Amino acid sequence: MGYAHRLVSSETLGIWYGDLAKGCKLCMTGSKAVIFITGICGINCFYCPISYDRRKAGAFYIDEERIYRVEDILDELYVIRAEGASITGGEPFQRYDLTVRVIEMIKNVMGRDFHIHLYTSGFGATKSSIKYLDRIGLDEIRFHIVNDSIWRLVGYTVRETSMDVGIEIPVIPNDFDRLWRIVLKANEIGVKFVNLNELEITETNAEQISLRGYRANEDGKTVKGSRETAEEIIRRAYREGIDIAIHFCPTSFKDSIQHRNRLIRKAYTCIGWGEKVTEDGLLKRGEEEYIPLLDKCSIKIAVSRN
Ligand code: SF4
């Protein structure tokens, strides 16, 4: 088949071949902050995992921190010693003004090499708005394919920008044919990678998932058959020598590696006298364990940043 990449499979990290996206590599180390730009989106996918708290136009977060000003982002970047950030929502193009301000501010303060990727369904995006994000330094863009009309924008972004372009989609069990068509199309137009995410169950999508007849795995957090369908796609693409890099990202990876590593980085910056960092990245004072939020370590940040 003439295909040089190795197929890698791990219970926790998932399964993939080809180069992982740079955003994914940083995510694995916990050095990538997640900026939630807005809760509005306009699509209404039945599997949308976003919490009720965040389904608001004004919802603005970095990691677990509710923020109000663009500059607040810097505190979190500092405490986790971030090497990159991802921008998500809702739909970032529904708050394009804020998305632009955030990218410009981060690139100005952290430097051009600080890696930023953005996740979009393309709803509200235009060719010129995408081109402008490329101009101000967005490094990587990932399209969630919700319908075929998005391919026009994906193709344009591949041809006319310098950004790394990927596809990132949740895997609905037994949705093999549609997913396979997406992989072939992405490969044909020169997309760099496809990320397949395990379908996650949250308080906001559980009912819709169950109404469609899907069932939970024993962990209660993921949908039965999602992992298996993704693995089938990757193994077939590998067998057939499809060039594009494909990665299945399990929910357990986000919880046990990405989130935990980020908390550990934050806890070690925030740690105070007499405190310990637990293996889950919590701070422990006496018998009390708590998540290292900024308001609990703000004095130490101010000292360190002076
Ligand atoms: S496109 Fe994303 S944010 Fe919008 S409804 Fe679908 S899953 Fe939720």
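Relevant structure appears above.
Overview of the structure. (Residues numbered from 1 in each chain as written. Predicted model: local features only at pLDDT ≥ 70, side-chain atom pairs only at ≥ 80, totals over all residues. Heavy atoms only, no water.)

Turning next to the pairing of strand β11 (residues 245-249). The buried fraction of β11 is high, at five of five residues. Side chains of β11 alternate between two faces, with A245, H247 and C249 and I246 and F248 buried alike. As paired elements, strand β10 (residues 193-198) and β11 share five bridges and run parallel to each other. Within the sheet, the bridge partner assigned to V194 lies in β11 and is I246. (Buried < 20%, exposed > 50% of the residue type's maximum accessible area, 1.4 Å probe, protein only. Helix = DSSP H or I, 4+ residues; strand = E, 2+ residues; numbered from the N terminus. Pairing = 2+ DSSP bridges.)

Moving on, we come to the sheet that holds strand β14 (residues 288-290). With respect to topology, three strands assemble into an open sheet ordered β12-β13-β14, the strand pairing being antiparallel. Across the chains shown, the open sheet's two edge strands, defined by having one partner strand only, are β12 (275-277) and β14. With strand direction ignored, the average angle separating the axes of adjacent strands in the sheet is 25°. Where strand β13 (residues 283-285) and β14 come together, three bridges link them in antiparallel fashion. Note that in β14 the partner of K284 across the bridge is E289. (Axes fitted to C-alpha atoms, helices over the stretch in contact; angles between N-to-C directions.)

Note: strands within a sheet are paired through backbone hydrogen bonds, in either parallel or antiparallel orientation. Across the sheet, which stays open at both edges, the 11 strands sit in the order β1-β2-β11-β10-β9-β8-β7-β6-β3-β4-β5 with mixed pairing between neighbours. Lying at the two open borders of the sheet, with one neighbouring strand each, are β1 (8-10) and β5 (65-66). Looking at chain direction, β1 and strand β2 (residues 14-17) are connected through three bridges and run antiparallel. Bridge pairing in β2 places S10 opposite G14. Sheet contacts for helix α5 (residues 151-160): β8 (140-143) and β9 (164-171); angle to β9, the most-contacted strand, approximately 150°. (Contact = heavy atoms within 4.5 Å.)

When you tally the buried positions in β9, you get seven out of eight residues, the bulk of the element. Where β8 meets β9, four bridges bridge the pair, whose relative direction is parallel. In the sheet register, E140 faces β9, and the bridge partner there is D164. Once you follow β8 into α5 and on to β9, the crossover reads as right-handed. In this sheet, β10 lies alongside β9 in parallel orientation, the contact comprising six bridges. Counterpart to V171 in the pairing with β10 is E198. One crossover worth recording links β9 to the parallel β10 by way of helix α6 (residues 176-189), and it is right-handed. (Right-handed = clockwise from strand over helix to strand, strands pointing away.)

The next thing to look at is helix α3 (residues 96-110). In a regular helix each residue adds 1.5 Å, so 15 residues correspond to 21 Å; α3 covers 21 Å between its end C-alpha atoms and thus fits that length. For α3, every residue scored as buried is listed here: L98, T99, V100, V102, I103, M105, I106 and K107. In the core, the buried residues of α3 are packed alongside β3 (32-36), α2 (73-79), β6 (84-88), β7 (115-120) and α4 (127-135). Remark: G111 follows α3 within two positions and exhibits a positive phi of approximately 100°. (Expected span 1.5 Å × (residues − 1).)

What follows covers the packing of α4 against α5. Across the interface, α4 lies against α5 with an axial gap of 10 Å and an inter-helix angle of 35°. The way α4 lies across α5 gives a crossing that is right-handed. Here K127, I130, K131 and D134 of α4 come into contact with α5, specifically with R152, L153, Y156, T157 and E160. By residue class, the composition of the contact of α4 with α5 is three nonpolar, one polar and five charged. (Left-handed = near helix turned anticlockwise from the far one by under 90°. Nonpolar A, V, L, I, M, F, W, Y, C, P; charged D, E, K, R; others polar.)

Here the focus is the site of the ligand. Around the ligand, the neighbouring residues are C41, I43, N44, C45, C48, I50, G90 and H144. When grouped by side-chain class, the residues that make up the shell around the ligand number five nonpolar, three polar and no charged. (Near = heavy atom within 4 Å.)

Once that is clear, we can look at the pattern of salt bridges. Charged atoms that come close allow side chains of opposite charge to pair. Per the counting criterion, the structure on display carries 15 salt bridges. A salt bridge links E231 to R227; the nearest nitrogen and oxygen atoms lie 3.2 Å apart. A residue pair is termed a helical-turn pair when its members lie 3 or 4 positions apart in one helix, as E231 and R227 do in helix α8 (residues 226-239) at four residues. Between E240 and R236 there is a salt bridge, with its nearest N and O atoms 2.8 Å apart. (Salt bridge = Lys/Arg side-chain N within 4 Å of Asp/Glu carboxyl O.)

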